[in-house]
Structures are given as C-alpha cells and as structure tokens.
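The primary structure of each chain is shown beneath.
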Number of protein chains: 2
Amino acid sequence: MSGGLDSSTCLAAAGRESFECSALTFDYGQRHRVELQAAARVAQSLCVARHLVVRIDLRVFGHSALTDDSAVPKGRSEAEISAKIPVTYVPARNTVFLSYALAWAETLEASDIFIGVNALDYSGYPDCRPEYIEAFERMANLATKAAVEGRTRIKIHTPLIWLSKAEIVKLGRELGVDFGLTHSCYDPDPAGRPCGACDSCLLRKKGFAEAGIKDPLGF
Amino acid sequence: MSGGLDSSTCLAAAGRESFECSALTFDYGQRHRVELQAAARVAQSLCVARHLVVRIDLRVFGHSALTDDSAVPKGRSEAEISAKIPVTYVPARNTVFLSYALAWAETLEASDIFIGVNALDYSGYPDCRPEYIEAFERMANLATKAAVEGRTRIKIHTPLIWLSKAEIVKLGRELGVDFGLTHSCYDPDPAGRPCGACDSCLLRKKGFAEAGIKDPLGF
C-alpha cells in the first residue's frame, strides 16, 4: 500500500469484497518518502483494521533511480514508457513486498493478499505480470505452515491487473477513494508536490484524462 | 548465512564450486542473536567477497519462539522433533530471506543463490522442502529484469538438501569449516554458550555423534 492511485483503489476493492483489511506499507529508502504520509491518510480514510509500515534495508536494492541519486526520467512518451524496463525498476521489489505480506498474513491467520499490480500501464516491470503473480502464489502455498497443514490456501488477488489507468480511476471513484489523499510522483518537490513529468505522473495524468475525471491534485 | 553448521557448510560448498561468495545474514530479532557474531567469524574464515547483515522488521513475524517470549522446546526425542512443525517455526522466513537474496543477487549481477536448507533433519519446516525451493526458483525467474531480459537464469542451489546432519558434519570438515566458530543453539545463555537441549542443539549433537567427530564446541 504505497498511497498511490493503484494501491488505494486496490485496498478499496478488497473492502468491497467485505474483507477486513490490514494495510502493509514499505519504507525502503524511496526518494518519494512523502508517499508514506499518503499511505497513512488513505488507510485511515478507508478504515483499515491495522496499518503497518515496515522499514526495509535498502542496501540490497542498489541501482535504482527510486533509491539512489540517478535522475528520474522525465517527459517520456507513452511508447517510451512502455518500451523497456526503466531505471526506476527496483530489483525484486514485489517479491520482497509479497514475502513480507505472506509472513504477516500467516501471523494474522489471513489467507488473502491483495496487490495493486497492473499489467497494462505497468512501466515494464516484470514482477507486475500475471505469470509472475501465479508463480508467487504457487510458491506461497508450499511455503507456510498454515498452507502445508491444509488450514488455509493463500490467494494473491490482483483486482487491477487487466485495467487501464482510466479504468482504475473510474473504479476508485466508484469505490469512494479520495484521490486528493493519494500520491503518485517519483520525484516530488521538497513540499511533496508532484513533478508532473515523471512516468508515474504522466500515467496518472493520462488515466484521469481518459476517464474524463478531474484529478483533485489539480494537474 | 546464520553461522550455524548448515549455512557454514553450505558457504564452503559454494566456495568449492569456485563461486565468488557474498554472504547474507539476517538480524530478525532472533533471541539467539549471538549467531550474528558466529556468522561474521565464519564468513571471514571462509574468505567471502562481502558480508551483508540485513536488519529485518520482526513485527511481521509474530508468534514464534525464536522471536518472542514463548518457551523453546527442550529435551525432545528425534521422533518428537520430526513429528510436527515446532513453535520455533517463523512464518515464511525462508521466503523473506530468499527474496532479499534475490534482490541482492540482481544488484550484484549474480545468478546463483545458495541456501543451506535440509529436507531430512529439517525440524518439519515447510520452506526447507525441495518442492518449495523449486517453486521459489521458478517464481524468481519470472520476477527479475535480468531473468526476463534473458541476461541470467537464477539458480537456487541446495547442496545440503538430501544430507543427514552427520553427512553435513563430514562434508563441512572435508571442506575446512572450523566448527568451533559456528553457533547452533536457539536458546543460548547470556555468555552465548549453547543450552544443549533445544532441537537445534540435539540435532547438532546427533550429527557429530553419528559422524564420529568431536564437536569443538565441546558438548
């Protein structure tokens, strides 16, 4: 739960299915740490049962523009964004995130894990694809005591995986997500305002434009 | 790399295959934190290229005798140790550990991950079984940029998986592991000395006894 459009809508989608939701946020040394505040705001607004912010040791995640001083790409076209895996890729990030979610799920005796990955507007990240998610779920069901003892079957839910950004915006609005509380930008200014030009800002702009909805963040 | 018999022998086994080794140790709030010192001693003695101790947020790992105040089982028979998954099980621990290893491997441009899991004397942990390791490897090859772009194929090596504890002791000696530097106990005294009665101490004792080798830790 990063506090962006996708994870916020994903959380609302889990709530729609009447799950009692526990939100997990990662503080992994991201340069856009302002998203941690957005995550807390969104979690509170959607009435989660608990919200855990886990600090992750960033040293295993070298070589990413999200955690080091590389320049974040700006002003790229949609074709450029989709063409190859960008420098904002963080090695094995979703695998680490889902592993923590799996550990916490077992501790909470939960069996359903929601993740807001998206295979369409996904910036080319390999760990956002359905075949990756299926492989993780398969592994998870061999990994835990609860699964092996037959007490539970882990299910990784990806309600956004086949939605366009515009469809995510529409779904989020339908489910009552307050987009004014969210944060998407990879490279915000010191006051936390979005740059409007990184891949994440551009995908957000496109999503709101195509959905015909005004972004309450106002750009 | 916990600094125990298995991970120390596993590291030596990787060295035998001429890999340049990077050792990864986890500080996950374990009550037997003295093993972190053992890990550093063993890593140094086996000449690793680098040794990283990663601090893991233990709150996702509730409900384990290794991280909370539950009593560690003592004096159990071999049949009791094997019969069911014990309270020393930590939820999804190897999945979290392997995920960090995967992230670090991609950062280091490495493709080979060694883990000293054992399916025989394994205390019943589900994430020590070969079917689990295979499922993790399959997932890993769908997870990373390096794998998806065809630059590497992730291989999870488990050189100890079918060895008895006695065979691990013999292999470790053959490969020059100094067992006097290792630590196995789940519940050491304040000076770091092993209790001699927890599952881990009992499996170690049995291993040395069956191998006909004297344990330099002297019990």
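Residues numbered from 1 in each chain as written. Chains lettered and ligands numbered in written order. Predicted model: local features only at pLDDT ≥ 70, side-chain atom pairs only at ≥ 80, totals over all residues.

Asks: What should I look at first to understand the overall build of chain A in this one?
Replies: Summing up its helical and strand segments, chain A has eight helices and four strands in all. When the helices and strands of chain A are listed from N to C terminus, the series reads α-β-α-β-α-α-β-α-α-β-α-α. Against the globule reference of 17 Å for 219 residues, chain A gives a C-alpha radius of gyration of 17 Å, in line with a compact fold. Looking at chain A as a whole, 51% of its 219 residues qualify as buried. (Helix = DSSP H or I, 4+ residues; strand = E, 2+ residues; numbered from the N terminus. Rg over C-alpha atoms; globule rule 2.2 N^0.38 Å. Buried ≥ 20, exposed ≤ 12 C-beta atoms within 10 Å, placed from the backbone.)

Asks: Honestly, the pairing of strand E2 (residues 50–55) of chain B in this entry has me stumped. Any pointers?
Replies: Looking along a regular strand, one sees the side chains alternate between the two faces of the sheet. Residues and elements named next belong to chain B. In this sheet, E2 lies alongside strand E1 (residues 22–27) in parallel orientation, the contact comprising six bridges. Counted as the bridge partner of Asp27 is Arg55 from E2. On the question of chirality, the crossover connecting E1 to the parallel E2 by way of helix H2 (residues 34–45) is right-handed. (Pairing = 2+ DSSP bridges. Right-handed = clockwise from strand over helix to strand, strands pointing away.)

Asks: Just checking my understanding: could you explain the interface of chain B and chain A for this structure?
Replies: Taken together, the contact between chain B and chain A spans 35 residues of the former and 35 residues of the latter. The set of elements that each furnish at least two residues to the side of chain B that touches chain A consists of E2, helix H4 (93–108), helix H5 (130–143) and helix H6 (145–148) of chain B. Per element, the largest residue contribution to the side of chain B that touches chain A is nine residues, and it comes from H4 of chain B. When the residues that make up the side of chain B that touches chain A are grouped by side-chain class, the tally is 21 nonpolar, six polar and eight charged. (Contact = placed C-beta atoms within 7 Å. Nonpolar A, V, L, I, M, F, W, Y, C, P; charged D, E, K, R; others polar.)

Asks: Looking at this model, I keep getting lost on the relation of the copies chain B and chain A. Mind explaining?
Replies: Mapping one chain copy onto the other needs a rotation about an axis and a shift along that axis. Relative to chain A, chain B is turned by 180° and slid 0.0 Å along the rotation axis, the superposed coordinates differing by an RMSD of 0.0 Å. Look at the turn and shift together and you get a two-fold axis relating the two. The share of interface residues of chain B whose copies in chain A are also at the interface is 100%, consistent with both copies meeting through the same surface. (Least-squares fit on C-alpha atoms with pLDDT ≥ 70 in both.)

Asks: Would you mind showing me how to read the confidence of the model for chain A here?
Replies: A low pLDDT score tells you not to read the predicted coordinates there in detail. Of the residues in chain A, 90% have a pLDDT of 70 or more, and the chain-wide mean is 87. Confidence estimates for the predicted assembly give a pTM of 0.88 and an ipTM of 0.86. (pLDDT = per-residue confidence, 0-100.)

Asks: Just checking my understanding: could you explain the nonpolar core for this structure?
Replies: Soluble globular proteins tend to pack their nonpolar side chains together in the buried interior. With 113 residues, the main nonpolar core has Tyr100 and Leu102 of chain A together with Tyr100 and Leu102 of chain B as its most contacted residues. Not counting chain neighbours up to four residues away, the residues in contact with Leu102 of chain B comprise Ala92 and Thr95 of chain A together with Ile113, Ala140, Ala143, Thr144 and Ile154 of chain B. (Core = buried A, V, L, I, M, F, W, Y, C linked by C-beta atoms within 7 Å.)

Asks: Help me understand helix H7 (residues 165–174) of chain A in this model?
Replies: It helps to recall that an α-helix has 3.6 residues per turn; residues three or four apart then point in one direction. Residues and elements named next belong to chain A. Lys165, Ile168, Val169 and Gly172 are the residues of H7 that are buried. For H7, the buried positions fall inside an angular range of 100° around the axis, keeping them on one side. Against helix H1 (5–16) and helix H8 (199–211) lie the buried residues of H7. The positive-phi residue at the C-terminal boundary of H7 is Gly176, with phi of around 85°. (Arc of directions from axis to C-beta.)

Asks: Would you mind showing me how to read the environment of Phe19 of chain A here?
Replies: Residues and elements named next belong to chain A. The residue Phe19 is located in the loop between H1 and strand E1 (22–27) in this model. Put simply, Phe19 and Pro190 are 171 residues apart on the chain and 36 Å apart in space, counted from C-alpha to C-alpha. For Phe19, the residues in contact, after removing those within four places along its chain, are Ala14 and Asp112.

Asks: Looking at this structure, how should I read unusual backbone geometry?
Replies: Glycine aside, residues mostly have negative phi angles, and peptide bonds mostly take the trans form. Residues and elements named next belong to chain B. For Ser18, which is not a glycine, the phi torsion comes out positive at approximately 65°. Note on placement: Ser18 falls in the loop between helix H1 (5–16) and E1. For Ser18, a count of 7 C-beta atoms within 10 Å gives the class exposed. Its identity is not glycine, yet Glu109 carries a phi of approximately 60°, on the positive side. Following the sequence through the fold, Glu109 ends up in the loop between H4 and strand E3 (112–114).

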